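# Coordinates in review
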Amino acid sequence: MVGTDVDSGSDPEMEDDRIEEDSGGNSSLGWNIVKTKKRKKSRDLISDSESDKGSQLAQRKKKEYKVMVKFATESFSTGGEKRPAIWIDAGIHAREWISHATAVWLADREFYRLWRKSRSATSNPKCHGVDLNRNWDAEFGGPGASDDPCAEDYRGPSAQSEIEVKNIADFIMSHGNFKSYMTLHSYMQLLMYPYGYSGTDAPDRTELHDVALRASKALNSWHGTIYKVGSIFHIIEPASGASVDWAYLRGIKYSFAFELRDTGEYGFLLPADQIVSTARETCPALSLYVAHRVGFTIERDQVLRINAESEDHIQILKKLKRDVDSGLDFWTHAISTERPVDIRVPHSSLYAVKDFLKKNTIPLTVIINNVQVTVGTAAIKELTSLYNTRYQVGSICKIIYQASGGSIDWTYNIGIKYSFAFELRDTGYYGFLLPANQIIPTAEETWFGLKYIMEYVRNHPY
């Protein structure tokens, strides 16, 4: 999320403690990092009707750290806590992944692109952050972890002192039935298993090595990428306090770590055109791990484009959408005969859905034959021009659909006049499965739109 400070007085239900503020970058649009700690008042977290499980979850959420990123400029700022500000958010709908990627690109263009650690405060005010993969309660403080807050592998003041680590550990332990733990890192093309803190073989080393070898072969089958297999300690470096060791020591036998592409030519700056191929080759390896223990396989979902030809068709589609047991995922909604409706249909429901539409004489075409394959394909022509993408402009109600309770209406109604929503690429050819090689072009062209709005707001105060 990109945005401004949150005025703690604006929400009586939240208590807001400013932890720190850092400035980064030297462009005309500087960035600031603001870390705040949110504490929900306990009386509002837990109602008498909550189940024990819900109550425990609510208790865990009493203290939650939020990180917000703020756009500001010297000329834009009036100083102090209430300087004019602009809020930009992305990812309010999880499946709209290009919005997340665009926001990440916008953030990365200014600061911390190669930062390793978290951004929490340490005992040294000049050195921020903890290496979260040295903070787990797995031989904490052993080899491969530093007690120096300025070191890249600083372990933190105590095991699971960091909120990110603690929350994950608490969730896994409260769930109690995880069969596998996998963590993705980069780079070096390694496929690893416990231990990291010791050169001693794990009790299940033989089986883990065999599964890892088979996974590496599955990975290699796509693009011929070669991964080295072995324990963390032996093939990369000693690492105490690592998440894989923590999971294994708590009975999650199938715990693995991936160091993805490449072996050093690009390092952490792997080109965007390798994102899809890296993900595509990693997927069979992950699936093999899951299938080895859980027996899960990925089915072949399809996306159907339905062209409603009458008001009766629209009502039938609306009724189908209300049937929550159908498992259908409506990517676009039935609002008029002029706009097609795109629906992701689970493989198990394909025959029934197509038969239902046929019986109701509703025409359809298959626009994505295999969703899982489309996620992992790079077969798309390069964009011909950076600025050739066409956007339609208008009110939400008129150009997309009616939507009450939306964030844009809320901000406008409380007096934030310049409130806008972007629906990024594309217009339906790929839908939510926009190929990875469109991330940067989408982000670049979006940046010009955002920058124009910000400059307009700065020059037209109210």
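The structure reproduced in this document is the subject of the present report.

Conventions we followed
- Residues numbered from 1 in each chain as written.
- Predicted model: local features only at pLDDT ≥ 70, side-chain atom pairs only at ≥ 80, totals over all residues.
- Heavy atoms only, no water.
- Helix = DSSP H or I, 4+ residues; strand = E, 2+ residues; numbered from the N terminus.
- Buried < 20%, exposed > 50% of the residue type's maximum accessible area, 1.4 Å probe, protein only.
- Contact = heavy atoms within 4.5 Å.
- Areas by Shrake-Rupley, 256 points an atom, 1.4 Å probe, with all protein chains shown as cover.
- Salt bridge = Lys/Arg side-chain N within 4 Å of Asp/Glu carboxyl O.
- Phe/Tyr/Trp six-rings, centres within 6.5 Å; stacked < 30°, edge-to-face > 60°.
- Lys NZ or Arg CZ within 6 Å of the ring centre and 35° of its normal.
- Expected span 1.5 Å × (residues − 1).
- Pairing = 2+ DSSP bridges.
- Axes fitted to C-alpha atoms, helices over the stretch in contact; angles between N-to-C directions.
- Patch = residues over 30% accessible without salt bridge, like charges linked within 9 Å, V, L, I, M, F, W, Y side chains within 5 Å.
- Core = buried A, V, L, I, M, F, W, Y, C linked by side-chain atoms within 4.5 Å.
- Disulfide = S-S within 2.5 Å.

Summing up its helical and strand segments, the chain has 14 helices and 11 strands in all. Scored against the burial criterion, the 462 residues of the chain give a buried share of 40%. Of the contacts formed within the chain by residues at least 6 apart in sequence, a portion of 70% connects residues at least 24 apart. When the accessible area of the chain is evaluated, it comes to approximately 26,300 Å², of which 52% is carbon and sulfur surface.

Right, let's get into the pattern of salt bridges. Going through the model one piece at a time under the given rule, you end up with 10 salt bridges. For Asp210, the salt bridge goes to Arg214, with nearest N and O atoms at 3.4 Å. Of this pair, Asp210 and Arg214 both sit in helix α5 (residues 205-223), four residues apart, which is roughly one turn of the helix. You can call Asp210 partly exposed: its relative accessible area is 39%. With a relative accessible area of 34%, Arg214 lands in the partly exposed category. Lys359 is paired through a salt bridge with Asp355; the nearest N and O atoms lie 3.2 Å apart.

Here we take up the packing of aromatic side chains. Applying the stated rule across the entire model yields five aromatic pairs. Their ring planes at 50° and their centres at 5.0 Å tell us that Trp136 and Trp246 sit as a pair that is tilted. You can see Trp136 sitting in the loop between α3 (97-108) and α4 (163-175) and its partner Trp246 sitting in helix α7 (residues 243-249), a full 110 residues away along the chain. Pair check on accessibility: Trp136 and Trp246 agree, each one buried. Through successive ring pairs, a cluster of aromatic residues spans Tyr195, Tyr197 and Tyr248. The cationic tip of Arg119 hangs over the ring face of Trp115; the distance from NZ or CZ to the ring centre is 4.8 Å.

In this section: unusual backbone geometry. Along the chain, Ser186 connects to Tyr187 via a cis peptide bond; the corresponding omega equals 5°. Cis rather than trans, the peptide bond between Pro194 and Tyr195 has omega equal to 5°. Along the polypeptide, Tyr195 turns up in the loop between β5 (190-193) and α5. A positive phi angle, near 50°, is found at Glu139, a position not held by glycine. Residue placement: Glu139 occurs in the loop between α3 and α4. Residue Glu139 is classed as partly exposed on the basis of its relative accessible area of 48%.

With that out of the way, let us pick up the environment of Phe432. The topology assignment puts Phe432 in the loop between α13 (407-413) and α14 (439-459). The buried category is assigned to Phe432, whose relative accessible area is 16%. Put simply, Phe432 and Trp331 are 101 residues apart on the chain and 7.8 Å apart in space, counted from C-alpha to C-alpha.

Once that is clear, we can look at α5. With 19 residues, α5 should cover 27 Å at 1.5 Å per step; its first-to-last C-alpha distance of 28 Å lies within 8% of that length. Along α5, the positions that sit buried rather than exposed are Leu208, His209, Val211, Ala212, Ala215, Ser216, Ala218 and Leu219. Downstream of α5 by a residue or two, Gly224 has a phi angle that is positive, lying close to 75°.

Time to look at the sheet that holds β5. What the four strands build is an open sheet, ordered β4-β7-β5-β6; its pairing is mixed. Here the strands that pair on one side only, and so sit at the sheet edges, are β4 (180-186) and β6 (228-231). The average undirected angle you get between the axes of adjacent strands in this sheet is 20°. Judged from the three bridges that link them, β5 and strand β7 (residues 254-260) form a sheet pairing that is antiparallel. For Met192, the partnering residue across the bridge sits in β7 and is Ala257. Running over the sheet, α5 touches β5, β6 and β7 and is turned about 160° from β5.

This part is about a nonpolar patch on the surface. A cluster of nonpolar side chains, contributed by Leu114, Phe268 and Leu269, occupies part of the molecular surface with about 330 Å² of accessible area. Turning to its location among the elements, Leu269 is positioned in the loop between β7 and α8 (275-293).

Moving on to the environment of Ala151. Checked against the element boundaries, Ala151 lands in the loop between α3 and α4. Along the chain, Ala151 and His128 lie 23 residues apart, while their C-alpha atoms are 9.7 Å from each other. In this structure, Ala151 is in contact with Lys117 and Ser146, ignoring residues within four places of it in sequence.

With 13 residues, α4 ought to run about 18 Å at 1.5 Å a step, and its terminal C-alpha atoms sit 18 Å apart, in line with that. Among the residues trailing α4, Gly176 stands out with phi positive, at a value near 80°.

Another aspect to go through is the nonpolar core. Counting 18 residues, the largest nonpolar core has Leu191, Tyr193, Leu208, Ala212, Tyr227, Phe256 and Phe258 as its most contacted members. Broken down by secondary-structure element, the contributors of at least two residues to this core are β5, α5 and β7. When neighbours within four sequence positions are excluded, Tyr193 is seen to be in contact with Arg205, Leu208, His209, Ala212, Val229, Gly230, Ser231, Ile232, Ser255 and Phe256.

The subject of this paragraph is the state of the cysteines. Evaluation of the coordinates by the stated rule reveals one disulfide. With its sulfur 1.9 Å from that of its partner, Cys127 forms a disulfide with Cys150. Between Cys127 and Cys150, the disulfide has an S-S torsion of 85° and is therefore right-handed. One end of the pair, Cys127, is in the loop between α3 and α4; the other, Cys150, is in the loop between α3 and α4, with 23 residues separating them in the sequence. Classification of Cys127 as buried rests on a relative accessible area of 14%.

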